[in-house]
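An overview of the molecular structure
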Amino acid sequence: PMDKEQYLAFVQALVDGQKTEFKQWEGTPYFDGCLPIEVMAERGVETLRHGPMKPMGLTNVHNPAVKAYAVVQLRQDNALGTLYNMVGFQTKLKHAEQVRVFRTIPGLENADFARLGGLHRNTYINSPTLLDASLQLKSRPGLRFAGQITGCEGYVESAAIGLLAGRFAAAERLGRAPSLPPLT
């Protein structure tokens, strides 16, 4: 948890921190659901409090009357519980800056960072142009695409597209027309 003063100092450190620059060939625009944390901070001082640092629904078990102004969520990253990652903190901050800025987070002042952050980039095909209604490549029937490469976002959505592609393939193999359950 952070109080208002800690949060404002953290946001300013993100904005002022040294960042790596895109190469000319990396000019892909950001997807709003996966923005670097410093880009969110640059959009306004309150942006992070309504995104990855939202303090809603959390109670301080040691002092329930005190509400956090902002929070950093840690997610366990290995089965032993010895590694954690910060949720929603993809970044273009240079590595030394990440250590400096992230050590301003209460409780992480002396943290050892096993991996420093970066950006992930999702690659998509132009599904409406390239795929037919059963997720087959129009130029090569029999080759289906599923998951995130089709342009969907999220684990559940990607799994659902995989299920659809499998159902379409099974129906074709059985000589049936691909069908979907009715939408209700």
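Before reading on, note that the structure itself is shown above.
Notes on the structure follow.

Each value, and the rule that gives it
Residues numbered from 1 in each chain as written. Predicted model: local features only at pLDDT ≥ 70, side-chain atom pairs only at ≥ 80, totals over all residues. Heavy atoms only, no water. Pairing = 2+ DSSP bridges. Helix = DSSP H or I, 4+ residues; strand = E, 2+ residues; numbered from the N terminus. Core = buried A, V, L, I, M, F, W, Y, C linked by side-chain atoms within 4.5 Å. Buried < 20%, exposed > 50% of the residue type's maximum accessible area, 1.4 Å probe, protein only. Contact = heavy atoms within 4.5 Å. Axes fitted to C-alpha atoms, helices over the stretch in contact; angles between N-to-C directions. Parallel < 35°, antiparallel > 145°, perpendicular 65-115°, else oblique. Nonpolar A, V, L, I, M, F, W, Y, C, P; charged D, E, K, R; others polar. Salt bridge = Lys/Arg side-chain N within 4 Å of Asp/Glu carboxyl O.

With that settled, the discussion passes to the pairing of strand β4 (residues 140–144). As paired elements, strand β3 (residues 136–137) and β4 share 2 bridges and run antiparallel to each other. Bridge pairing links Leu-137 to Arg-140 in β4. Between the end of β3 and the start of β4, which pair antiparallel, lie 2 residues.

Right, let's talk about the environment of Gln-90 for a bit. For Gln-90, the position within the fold is in the loop between β2 (84–86) and α3 (95–102). C-alpha separation for the pair Gln-90 and Thr-129, spaced 39 residues apart in sequence, amounts to 31 Å.

Within the largest apolar cluster, 24 residues are counted, with the highest numbers of intra-cluster contacts made by Phe-10, Leu-14, Leu-48, Met-53, Phe-89, Phe-102 and Ile-105. Counting only elements with at least two residues in this core, the list comes to α1 (4–16), α2 (37–42) and α3. With 5 residues, the top contributor of residues to this core is α1. Those residues in contact with Leu-14, other than ones at most four positions away along the chain, are Lys-19, Ile-37, Glu-38, Ala-41, Leu-48, Leu-93, Val-101 and Phe-102.

Our next topic: the packing of α1 against α3. Two numbers describe how α1 lies on α3: the axes approach to 10 Å, and their chain directions differ by 170 degrees. When the interaxial angle is binned, α1 and α3 end up roughly antiparallel. Listed contacts from α3 to Phe-10, Ala-13 and Leu-14 of α1 are Arg-100, Val-101 and Phe-102. Looking at side-chain class alone, the contact of α1 with α3 contains 5 nonpolar, no polar and 1 charged residues.

Tallying each qualifying case throughout the model produces 5 salt bridges. The partner of Glu-42 in a salt bridge is Lys-19, with the nearest N and O atoms 4.0 Å apart. Here Glu-42, found in helix α2, pairs with Lys-19, found in the loop between α1 and α2; they are 23 residues apart in sequence, far enough to count as distant. Of the residues examined, Glu-42 reaches a relative accessible area of 46% and is grouped as partly exposed. Here Arg-115 ties to Asp-77 by a salt bridge, and the two come within 2.1 Å at their closest N and O atoms. With Arg-115 in the loop between α3 and α4 (127–130) and Asp-77 in the loop between β1 (74–76) and β2, this residue pair connects regions lying 38 residues apart in the sequence. We classify Asp-77 as partly exposed; its relative accessible area is 31%.

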